[in-house]
Amino acid sequence: MVDDSGQLYTIEGIAAAILMIFTAYLAVNTAVVYTPQDVHIIDMQLEQLGNDALVVLDTPPSESEKSPLQDYIERDKPEWFGNNFTRLMNATTSGNPDKIKYTATVYYRDIADPTNVRTHPFTNSTTSSRYYRENAVNVSRLVYVNDNPYDAIVDDQVVLLEVMVWRD
Amino acid sequence: MAGLNDDAQWIVMLGFIISILILFLALIVNQSALVGQTTAESVLEFPKTSIQDTRNELMTLKDSGLLKSSLIDDIEFLSMVRRGAVVSVNTSATYIHYNDGVTTYNETIGGG
Amino acid sequence: MRVPGKIDHEEGQLSIDFMIGFSIFMIGFIFVAIMISGLFVHLQSKTIDYDAVAYRTSVVLIEDPGEPSWEPWRYDQPVIQPPNWHILNVSFPEERDNIKRLGVSIAKNSPGILEYSKVEKFFTNSSSLGCSEHNTFCNPTDYREKLIFGDYPYRFNITLKNITPSHSGYKSLGPSSPDAFGYIRRIILIKYPTSMTVDSSSIYNNTTIHLNFSEFYSHSAIYRIDPLNDDITINLTNITPEKIASTRICQLPADPEMGGEVCFNPSDFTYSPRVLINPSGNNTTMKIEAGFFQQQVNFDEFSDVDIKFVFDSVINASMVNQTSYVDYGDTAIIPPLLPAVLEVRIW
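Some words on the overall build of chain C
Of the regular secondary structure elements, chain C holds 8 helices and 16 strands. The buried share of chain C, taken over its 347 residues, is 33%. Taking as baseline every contact in chain C between residues at least 6 positions apart, the subset at least 24 positions apart corresponds to 74%.

Structural data, given as structure tokens:
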């Protein structure tokens, strides 16, 4: 005898199935497109690149020569540093240059008061830029200078050049 | 009410139970993701370039004969004040100690 | 009309108990559904993994001298067995297996400063089936095993280009990348091989070019003349190869009383690494390939080497049978370190 006494079971079964499938779909498919870790990857890439550029600038190209960075600091030429640093940072193998900007500062120990650190800005008005809340990283390099141009008291010192880099 | 047929309610009940289990599992996965560190963060945290820089500076100064105690003091001071790392070097630069609070590095140069 | 005793399926009524329970359930369900939107935030996707692999690949490539690597003897270091990996002939399977890591930096203490001979050997690759029988690396298996590591078969593209325009030297490895890939860019310095030029007017018919290996290896690794790892090039201007009567490469004994020098004829060595003597215009270029001194004639970092040329008497008729003496260390041009950019893409 065919009647509709099984409708209850069918409807309840369909309802349960729809509920489970919907739950599973919701749990699996809610994906967030922007993951916060992307920021750290970009920071890591920028930091490694900045440090590489400073190493290249701080290595003398031939034996018994001064490194270019030592020369720039001793002669107080932030524009030379800016040109070379941005050239290195923005070079790519495909030829389309990157858009990385920077600001730089030199930190050195105050000989008059050895527990104090003094700063000297090393930015250049044409190549370095104002910083407006981009994601930036700090890279730094210890540089030996034979004639600190900012402090006439001491002959030679190790100074720290700190550069803040960001991508425009 | 007593006459209502509740024979098939067990099906829906199972459906509810399974949904609850799925959501519970998703909750566990959500909580577990908060533990641990991404690779990029670990790379940023490890002071590879600072250690390489300190070593390179000391070895270059030593090889060119320019090393003196005031330069070692400069390096130790700047590392502490700007990089937040304790650097300790002996006078002939044969032993380097670096500690930035998370990573410690010790090196003895020479002597095989 | 209701018939008592017969089950009625068409009433469509739910009990109050059921409604209350179901409502409570629905409220809880909606609450959880809202929480799910923050569910998969921290799970890794393949893009993040590729960036980490690209970074690690770049570090192994440019900050590591590779394995096996060799450095000359120093009093404060244990002895390291030669040779460097870029000198090994990988057409032999044992040599290929001996190479554990491909790294192109000059030495352990100079990360980011690359040796050009290692870079050249690194980019020598072939993707055809018979690659393991030649002295080239198999793309991609060798690179996956010795540089990228890991179980997943990553695909990669590595490019290198000089920043100075005069020396562009673009090198590339691997297919071009799709739109999404893990990426890292590094800036490096490259040390190029040394060379020297001698003109016929300043030498006699017998000419000896002297290379004092122990003097070379007393210099710092990033600036030294490196005959065991790099090419050595000698340009003879205004002399064509036909005017060279004979060439010999001799090793002087450490102790003069132990006996005479041991000499070799470069043309005896027919397989790589060899000594190539080629004309270039009116001149001759003699190139001693990297690895020749170590693999073929077994010199080491203490050898004292003379390269002896005998020219036809046409060179300098008034000075026949006189010997001129040129020191490679004094006349060689050591090129400056040049910056380059390296990009690694992984997908």
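Further notes follow.
Thoughts on the overall build of chain B
Looking only at helices and strands, one finds 4 helices and 3 strands in chain B. Secondary structure elements in chain B, listed N-terminal to C-terminal, are α-α-α-α-β-β-β. Counting the 112 residues in chain B, one finds 25% classified as buried. Once local pairs closer than 6 in sequence are excluded, the contacts in chain B between residues at least 24 apart make up 37%.

Thoughts on the sheet that holds strand β1 (residues 86-89) of chain B
Residues and elements named next belong to chain B. Taking strand neighbours across the sheet as the criterion, the 3 strands line up as β1-β2-β3 in an open arrangement whose pairing is antiparallel. Edge positions in the open sheet fall to β1 and β3 (104-108), since each of these has one partner strand only. Put simply, the sheet's adjacent strands are angled 5° from each other on average, direction ignored. Bridge analysis of strand β2 (residues 95-99) against β3 gives 5 bridges, and the strand direction is antiparallel. Bridge pairing in β3 links N99 to T104. Across the sheet, helix α3 (residues 48-63) is in contact with β1, β2 and β3; its angle to β2 comes to roughly 155°.

Focus on helix α4 (residues 69-83) of chain B
Each α-helix winds once per 3.6 residues, and so residues spaced three or four apart point in a common direction. An ideal rise of 1.5 Å per residue puts 21 Å on 15 residues; α4 of chain B measures up with 20 Å between its terminal C-alpha atoms. By the burial criterion, the buried members of α4 of chain B are L71, I72, D74, I75, F77, L78, S79 and R83 of chain B. Those residues of α4 of chain B that are buried lie in contact with β1 (100-109), β3 (136-145) and β4 (157-167) of chain A together with α3 and β1 of chain B. Looking one or two residues beyond α4 of chain B, the residue adopting positive phi is G84 of chain B, at roughly 70°.

Topic: the packing of α3 of chain B against α4 of chain B
All names here are of chain B. Interaxial distance between α3 and α4 falls to 11 Å at its minimum, and their mutual angle equals 170°. On the basis of their axis angle, the class for α3 and α4 is roughly antiparallel. Considering only the axes of α3 and α4, their crossing is right-handed. For the pair α3 and α4, the contacting residues are S50, T54, E57 and L61 in the first and L71, I75, S79 and R83 in the second. Each residue belonging to the contact of α3 with α4 can be placed in one class, and the counts come to 3 nonpolar, 3 polar and 2 charged.

Thoughts on the environment of E343 of chain C
Turning to its location among the elements, E343 of chain C is positioned in strand β16 (residues 338-346). Ignoring sequence-local partners within four residues, the contact set of E343 of chain C consists of T92 and T93 of chain A together with T159 and R185 of chain C.

Observations concerning the interface of chain A and chain B
The interface of chain A with chain B comprises 30 residues on the first partner and 32 residues on the second. Considering every element that reaches the side of chain A that touches chain B, the biggest residue donor is helix α1 (residues 7-29) of chain A, with 12 residues. Of the residues belonging to the side of chain A that touches chain B, the class tally is 17 nonpolar, 7 polar and 6 charged.

A short note on unusual backbone geometry
Geometrically, the link from E67 of chain C to P68 of chain C is a cis peptide bond, its omega value of 5° lying close to zero. For D76 of chain A, which is not a glycine, the phi torsion comes out positive at approximately 55°. You can see D76 of chain A is positioned in the loop between α3 (68-74) and α4 (78-90). For D76 of chain A, a count of 13 C-beta atoms within 10 Å puts it in the partly exposed group. For N298 of chain C, which is not a glycine, the phi torsion comes out positive at approximately 60°. Tracing the backbone through its elements, the reader meets N298 of chain C in the loop between α7 (292-296) and β14 (304-311).

A closer look at the nonpolar core
Within the largest apolar cluster, 88 residues are counted, with the highest numbers of intra-cluster contacts made by A53, V159 and L161 of chain A together with L114, I188 and I190 of chain C. Ranked by residues supplied to this core, first place goes to helix α2 (residues 37-57) of chain A with 9 residues. In this structure I190 of chain C touches L114, Y116, V119, L337, L338 and A340 of chain C, once residues within four positions along its chain are discounted. Counting residues in hydrophobic clusters, the runner-up holds 26 residues, among them M196, V198, F299 and Y328 of chain C.

Section: the sheet that holds strand β7 (residues 195-199) of chain C
Residues and elements named next belong to chain C. Taken together, 4 strands build an open sheet; the order of strands is β7-β9-β13-β12 and the sheet is mixed. The open sheet has two edge strands, β7 and β12 (275-280), and neither has a second partner. Ignoring strand direction, the axes of neighbouring strands in this sheet form an average angle of 15°. Across 6 bridges, β12 lies against strand β13 (residues 283-288) in antiparallel orientation. Bridged to P279 within β13 is T284.

Here we look at the domain arrangement of chain C
Residues and elements named next belong to chain C. Taken domain by domain, chain C holds domain 1 (46-192 + 338-346) and domain 2 (195-331). Taking only C-alpha atoms, the centre of domain 1 and the centre of domain 2 are 31 Å apart. Every contact between the two is made by 14 residues of domain 1 and, on the other side, 12 residues of domain 2. By residue class, the composition of the side of domain 1 that touches domain 2 is 8 nonpolar, 4 polar and 2 charged.

Details of the pairing of strand β8 (residues 206-212) of chain C
Residue and element names in this part refer to chain C. The alternating pattern of β8 places T207, I209 and L211 on a buried face, while none of N206, T208, H210 and N212, on the opposite face, is buried. Bridge analysis of β8 against strand β15 (residues 323-327) gives 5 bridges, and the strand direction is parallel. Its bridge partner lying in β15, T208 is registered against Y325. Judged from the 7 bridges that link them, β8 and β14 form a sheet pairing that is antiparallel. Bridging from a neighbouring strand, N206 pairs with V310 of β14.

Reading guide: rules and limits
- Residues numbered from 1 in each chain as written.
- Chains lettered and ligands numbered in written order.
- Predicted model: local features only at pLDDT ≥ 70, side-chain atom pairs only at ≥ 80, totals over all residues.
- Helix = DSSP H or I, 4+ residues; strand = E, 2+ residues; numbered from the N terminus.
- Buried ≥ 20, exposed ≤ 12 C-beta atoms within 10 Å, placed from the backbone.
- Contact = placed C-beta atoms within 7 Å.
- Pairing = 2+ DSSP bridges.
- Axes fitted to C-alpha atoms, helices over the stretch in contact; angles between N-to-C directions.
- Expected span 1.5 Å × (residues − 1).
- Parallel < 35°, antiparallel > 145°, perpendicular 65-115°, else oblique.
- Left-handed = near helix turned anticlockwise from the far one by under 90°.
- Nonpolar A, V, L, I, M, F, W, Y, C, P; charged D, E, K, R; others polar.
- Core = buried A, V, L, I, M, F, W, Y, C linked by C-beta atoms within 7 Å.
- Domains from an automatic or database assignment.

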